[in-house]
Amino acid sequence: MKIEFVASASAPEVLAVLVNEGRAFVGAGSQLDAATSGALTRAMAASRFTGGSNSTLVVAAPAGVDASTIVLTGAGDPGKFDDLALEAAAGAAYHAVKMSGATALTIDASHLSAAQAARAAFAARLASYRFLKYRTTLKPEKTPSIETIKVVAADPKAAETAYASFAAVAEAVEFSRDLVSEPANILYPEEFAKRVKGLEKLGLEVEILGEKELTKLGFNTLLAVGMGSVRESQVAIMKWNGGKKGEQPIAFVGKGVCFDTGGISIKPADGMEEMKWDMGGAAAVSGLMHALAGRKAKVNAIGVIGLVENMPDGAAQRPGDVVMSLSGQSVEVLNTDAEGRLVLADCLWYTQERFKPKFMLDLATLTGAMIVALGLEYAGVFSNSDELANNFLAAAPKVGENAWRMPIPAAYERHIDTPIADVKNTGNGRAGGSITAALFLQRFTNGTPWAHIDIAPTAWVKDSKSPTVPDGAVGWGVRTLDRMVADSYES
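Conventions and cut-offs
Along each chain, the written sequence defines residue order, and numbers are assigned to residues from 1. pLDDT decides what is reported in this predicted model: residues at 70 or higher carry local features, side-chain atom pairs at 80 or more are listed and counted, and totals for whole chains, interfaces and linings draw on all residues regardless. Only hydrogens and water are removed before side-chain values are computed, so all heavy atoms of the structure are retained for them. Whether a residue is buried, partly exposed or exposed follows from its accessible area with a 1.4 Å probe, protein chains only, as a fraction of its type maximum: under 20%, in between, or over 50%, in that order. Comment: elements are numbered from the N terminus, with helices defined as DSSP H or I runs of at least four residues and strands as E runs of at least two. Throughout, a residue-residue contact means that at least one pair of heavy atoms, one from each residue, lies within 4.5 Å. Criterion used throughout: strands pair if DSSP finds at least two bridges between them. Every angle, taken between N-to-C directions, lies between 0 and 180 degrees, and every axis is a line fitted to C-alpha atoms, over only the stretch in contact when it is a helix. Two helices that cross are described as forming a left-handed crossing if the nearer one is turned anticlockwise from the farther one by less than a right angle, and a right-handed crossing if clockwise. Residues are sorted three ways: Asp, Glu, Lys and Arg are charged, Ala, Val, Leu, Ile, Met, Phe, Trp, Tyr, Cys and Pro are nonpolar, and all the rest, Gly among them, are polar. Only one rule defines a salt bridge in this text: a Lys or Arg side-chain nitrogen within 4 Å of an Asp or Glu carboxyl oxygen. Stacked, edge-to-face and tilted labels apply to pairs of Phe, Tyr and Trp rings (six-membered ring for Trp) whose centres lie within 6.5 Å, assigned for plane angles under 30 degrees, over 60, and everything in between, in that order. When the NZ atom of lysine or the CZ atom of arginine is within 6 Å of a ring's centre and also within 35 degrees of its normal, the charge is said to sit over that ring.

A. Spatial organisation of helix α6 (residues 189–197). Buried residues of α6: Pro-189, Glu-191, Phe-192, Ala-193, Arg-195 and Val-196, and no others. Its buried side turned inward, α6 meets α5 (156–181), β8 (205–209), β9 (234–241), β10 (250–260), α9 (280–294) and β11 (300–310).

Written out as structure tokens, the structure is:
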């Protein structure tokens with residue numbers, strides 16, 4: 001999507017203007033209405049459009065203006081107009097005309113600040129995302145026609161400057177969405193690591209550990225997950241050194257199970273194809289590191305992702321196996337479909353031991369139990385640090401991502417105790433499955449401030465209600481983490 005900032009709407013194909021709840025024009029709307037002899041007011045009166053958030057009204061070929069189409073896009077209650085309301089309005093405007101045949105959409109932000117004008121462009125860009133890489137027979141009329149977003153700004157140069165950091169985040173979200181959207185025959189551990197290695201062009205330092213190095217280091221629980229796959233397991237380590245030299249880094253860890261059959265504890269066939277996105281946590285961490293490097297964040301950050309395939313064959317681990325983790329703790333594997341925590345266990349231990357971070361935050365599509373607990377619109381937050389949890393929970397609503405803090409009571413520790421090893425990888429039955437998974441991970445944090453974000457409900461959406469979030473891969477977490485870093489950890 002091409003983004004331009006302009007001083008005026010010169011002969012636009014499609015012009016979008018904001019309208020507040022109560023059909024009150026904002027910005028250029030009043031002038032346009034006057035130029036069309038009240039056509040826009042009459043169109044609203046003849047419709048159900050009132051200016052409510054996430055609503056639009058398309059007015060075709062109004063006499064008196066150059067635009068072939070005017071889109072009235074709802075800004076909602078003026079007293080509640082904030083960043084998210086602006087994003088919704090800009091995103092909704094894009095969706096209203098994306099299949100119209102027009103090639104450019106102009107959004108009037110002449111009455112807004114430079115930062116808000118930049119945000120409108122950012123929202124339209126996020127709204128335009130589609131993963132069409134493998135669609136080779138789509139007819140033109142089935143493909144969005146909008147190729148350029150023009151934003152009318154009071155100060156186009158200032159808006160363009162403000163857009164630079166938004167563009168970095170947009171690219172990062174798109175990168176994360178692409179990763180999650182890819183099929184598992186294309187995006188296997190080595191290919192994922194290769195794409196992360198490509199982020200060095202942004203200034204990241206990227207180190208890839210293959211099975212030879214991982215075996216030497218003792219990543220035994222991670223390697224056990226990948227034993228049944230012909231694909232080699234990998235760990236990718238990303239470093240962004242944007243803070244003061246020698247300053248303690250912050251660290252992010254992601255589960256990257258590129259495909260999850262469940263292993264010997266095999267999943268039902270129905271819906272198994274969705275397990276290509278069981279690497280959503282690793283995609284989010286990769287997206288975050290992309291964003292931090294792209295906007296030159298003033299922080300030292302580490303991203304560690306464990307990349308495996310969980311497949312069943314004669315070499316696969318068995319239920320009942322005991323594996324010695326990198327931490328030295330032994331793990332009884334009762335269910336090979338509880339594999340993500342085995343990947344994260346070694347990655348968390350390695351991260352705290354090697355990098356001594358201020359905190360570790362992991363993201364993982366970890367448990368179906370999280371979906372049972374919170375539905376499909378909230379991620380679960382588990383943490384041993386109120387400060388870290390609160391910083392994450394403060395950032396999430398600012399970017400429209402939902403999260404809810406969950407308990408990790410010590411009383412539940414007994415559910416992952418086992419007589420044969422130090423810990424087992426499942427609880428006792430289905431009760432509290434997300435909690436016992438978090439408690440398992442906590443045993444590999446060595447007292448480091450830590451938060452676990454279970455994104456099983458949010459990594460993939462089938463019926464998105466947000467104009468800036470597509471059906472399919474969301475890139476969930478990239479914006480929240482970037483905002484958390486910007487608000488709480490940058491110098």
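So that's the structure; there's more coming.
B. Fine view of the sheet that holds β9. The strand order across the open sheet built from eight strands is β8-β9-β11-β10-β14-β18-β15-β16, with neighbouring strands paired in mixed fashion. Either end of the sheet is taken by a strand with one partner, and the two such strands are β8 and β16 (403–405). Along the sheet, successive strands turn relative to each other by an average axial angle of 20°, direction set aside. Two strands pair when backbone bridges link them, and β9 and β11 are joined in this way by eight bridges, in the antiparallel orientation. Along β11, the bridge assignment pairs Trp-240 with Ala-301. Running over the sheet, α6 touches β8, β9, β10 and β11 and is turned about 160° from β11. Contacts from helix α10 (residues 340–355) reach β8, β9, β10, β11, β14 (360–364) and β18 (450–454) within the one sheet, and its direction differs from that of β10 by about 155°.

C. Spatial organisation of the packing of α5 against helix α14 (residues 478–488). It is at 10 Å that the axes of α5 and α14 come closest, and there the two elements cross at 140°. Of the two elements, α5 crosses α14, and the hand of that crossing is right-handed. Of α14, the residues touching α5 (which contributes Val-169, Ala-172, Val-173 and Ser-176) are Val-478, Arg-479 and Asp-482. By residue class, the composition of the contact of α5 with α14 is four nonpolar, one polar and two charged.

D. Local environment of the environment of Thr-418. Tracing the backbone through its elements, the reader meets Thr-418 in the loop between β16 and β17 (423–424). Placed 327 residues apart in sequence, Thr-418 and Gly-91 show a C-alpha to C-alpha distance of 51 Å. Those residues in contact with Thr-418 that lie beyond four places of it in its chain are Glu-332, Val-423 and Lys-424.

E. Seen up close, the pattern of salt bridges. With the rule as written, the count across this model stands at 24 salt bridges. The shortest N-O distance in the salt bridge between Arg-295 and Glu-490 comes to 2.6 Å. Residue Arg-295 is found in the loop between α9 and β11, and its partner Glu-490 is found in the segment after α14; the two are separated by 195 residues along the sequence. Residue classification places Glu-490 among the partly exposed positions, given a relative accessible area of 22%.

F. Representation of the packing of aromatic side chains in the model. Evaluation of the coordinates by the stated rule reveals 11 aromatic pairs. Where Trp-277 meets Trp-460, the ring centres are 6.2 Å apart and the plane angle is 10°; that geometry is what we call stacked. Taken together, the positions of Trp-277 in the loop between β10 and α9 and Trp-460 in strand β19 (residues 460–461) put the pair 183 residues apart, joining distant regions of the chain. Here the aromatic residues Phe-219, Tyr-350 and Phe-355 are joined through ring pairs into a cluster of three or more. Geometry around Tyr-188 places Arg-231 over its ring, the cationic atom sitting 3.7 Å from the centre.

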